Amino acid sequence: MDPNAIRSHPFWQNALKARARILQILSSEMPAWMFFLDFLVYPPLILLCLVLAFGPRGGFASAGLIALGLLGWSLAEYLIHRFAFHHAPVLEQIHLAHHHAPRELQGTPMLVTLLVFYALVYWPLTWALRPEWAAAVMAGVLMGYLGYISVHYVVHHLGSGGRAWLRRLIRLHAVHHHDVAHNFGVTSPLWDWVFGTLAKR
């Protein structure tokens, strides 16, 4: 079939319009209530995971699995930022809107992140681990994510003050906004150091 005929077909044209509209919505500033919903939903969800993790059969292993979940999130944060946000076609366009307007309230809607965490983390873990241990890993991942969105908000909206570690993270992330090949970790420079993408200036 002729590629030009496919591109001019009404179905294809409607699909392109829908894609453009979705990109426009996701690249635009969110209403404040939608942006801050993460900060209301995730703390009680983390608390629930912690209660489940330290249930009757959780034990000391749960503490180690929480730490493993935190470490796993920090690696995922680095990889998603480096490869998805700066190379995947649709995600890159959305993320570059943040680079152009870093103080706007932009982010992934809470319902989307919640579904992704359930489908890609918690549900598979329940097949592989005891329920308490799955909840422990999930608690670590969600704590890491909450830390990520919190630090990212502070970096862009609350100036350059605070403790020395926070000032360092602000400085490293500011470098990333001027040099998109470095400093992909927002909450920690660990993986930038491991993979050679750390730039201090």
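Just above sits the structure.
What you are looking at is a predicted structure, and each value in this text was computed from that prediction instead of being measured.

The helix and strand inventory of the protein stands at 10 helices and zero strands. Expressed as a percentage of its 201 residues, the buried residues of the protein come to 36%. If you take every contact in the protein between residues at least 6 apart in sequence, the share linking residues at least 24 apart comes to 69%. Here the protein displays about 12,000 Å² of accessible surface, and carbon together with sulfur accounts for 71% of that area.

Glancing now at a positive patch on the surface. A grouping of Arg 167, Arg 168, Arg 171, Lys 200 and Arg 201 is seen on the molecular surface, where their side chains present a positively charged patch. Structurally, Lys 200 can be placed in the segment after α10 (190-195).

Another aspect to go through is the environment of Val 41. The residue Val 41 is located in helix α4 (residues 37-53) in this model. With 73 residues separating them in the primary sequence, Val 41 and Leu 114 have C-alpha atoms 9.4 Å apart.

What follows covers the packing of aromatic side chains. Within this structure, the stated rule accounts for 16 aromatic pairs. Ring centres of Tyr 118 and Tyr 122 lie 6.1 Å apart, and the angle between their planes is 40°; on these two criteria the pair is classed as tilted. Here Tyr 118 and its partner Tyr 122 are both found in helix α7 (residues 110-128), four residues apart, which amounts to about one turn of the helix. The exposure class of Tyr 122 is partly exposed, given its relative accessible area of 22%. An aromatic cluster is defined as three or more aromatic residues linked by ring pairs; in this entry it consists of Tyr 42, Trp 73, Phe 117, Tyr 145 and Tyr 148. It is Arg 130 that lies over the ring of Trp 133; its NZ or CZ is 4.2 Å from the centre.

This paragraph deals with a nonpolar patch on the surface. On the surface, Leu 68, Leu 71, Leu 190, Trp 193, Val 194 and Phe 195 cluster together into a nonpolar patch covering about 610 Å² of accessible area. Looking at the nonpolar patch, the elements that each hand over two or more residues are α5 (59-84) and α10. Sort the elements by how many residues they give to the nonpolar patch and α10 lands first, with four residues. Tracing the backbone through its elements, the reader meets Leu 71 in helix α5.

Once that is clear, we can look at the environment of Leu 169. In this structure, Leu 169 sits in helix α9 (residues 164-178). Counting along the chain gives 20 residues from Leu 169 to Pro 189, while the straight-line C-alpha distance between them is 7.9 Å.

You can see Ser 74 is positioned in helix α5. Residue Ser 74 is classed as buried on the basis of its relative accessible area, which comes to 14%. Looking at Ser 74, its side chain comes within polar contact range of the side chain of Trp 191, at 2.8 Å.

A few words now on unusual backbone geometry. Backbone geometry at Asn 183 places phi at a positive 60°, although glycine is not the residue there. Relative to the assigned elements, Asn 183 resides in the loop between α9 and α10.

So, on to the packing of α4 against α7. Viewed as axis vectors pointing N to C, α4 and α7 meet at an angle of 30°, and their least axial separation amounts to 10 Å. One way to sum up the angle between α4 and α7 is to call them roughly parallel. Facing α4, whose interface residues are Leu 37, Asp 38, Val 41, Tyr 42 and Leu 45, α7 presents Met 110, Thr 113, Leu 114 and Phe 117. Taken together, the residues of the contact of α4 with α7 sort by class into seven nonpolar, one polar and one charged.

The end-to-end C-alpha separation of α7 is 26 Å, in line with the 27 Å expected for 19 residues at 1.5 Å each. Maximum bend of α7: about 40°, positioned at Tyr 118. Of all the residues in α7, the buried ones are Met 110, Thr 113, Phe 117, Val 121 and Leu 125. Buried residues in α7 make contact with α4, α5 and α8 (131-157).

Reading the values: the criteria
- Residues numbered from 1 in each chain as written.
- Predicted model: local features only at pLDDT ≥ 70, side-chain atom pairs only at ≥ 80, totals over all residues.
- Heavy atoms only, no water.
- Helix = DSSP H or I, 4+ residues; strand = E, 2+ residues; numbered from the N terminus.
- Buried < 20%, exposed > 50% of the residue type's maximum accessible area, 1.4 Å probe, protein only.
- Contact = heavy atoms within 4.5 Å.
- Areas by Shrake-Rupley, 256 points an atom, 1.4 Å probe, with all protein chains shown as cover.
- Patch = residues over 30% accessible without salt bridge, like charges linked within 9 Å, V, L, I, M, F, W, Y side chains within 5 Å.
- Salt bridge = Lys/Arg side-chain N within 4 Å of Asp/Glu carboxyl O.
- Lys, Arg positive; Asp, Glu negative; His and termini not counted.
- Charge placed at Lys NZ, Arg CZ, Asp CG, Glu CD.
- Phe/Tyr/Trp six-rings, centres within 6.5 Å; stacked < 30°, edge-to-face > 60°.
- Lys NZ or Arg CZ within 6 Å of the ring centre and 35° of its normal.
- Polar contact = N/O pair within 3.5 Å; in protein donor to acceptor, adjacent residues only side chain to side chain.
- Axes fitted to C-alpha atoms, helices over the stretch in contact; angles between N-to-C directions.
- Parallel < 35°, antiparallel > 145°, perpendicular 65-115°, else oblique.
- Nonpolar A, V, L, I, M, F, W, Y, C, P; charged D, E, K, R; others polar.
- Expected span 1.5 Å × (residues − 1).
- Bend = angle between axes of the 7 residues up to and from the residue.

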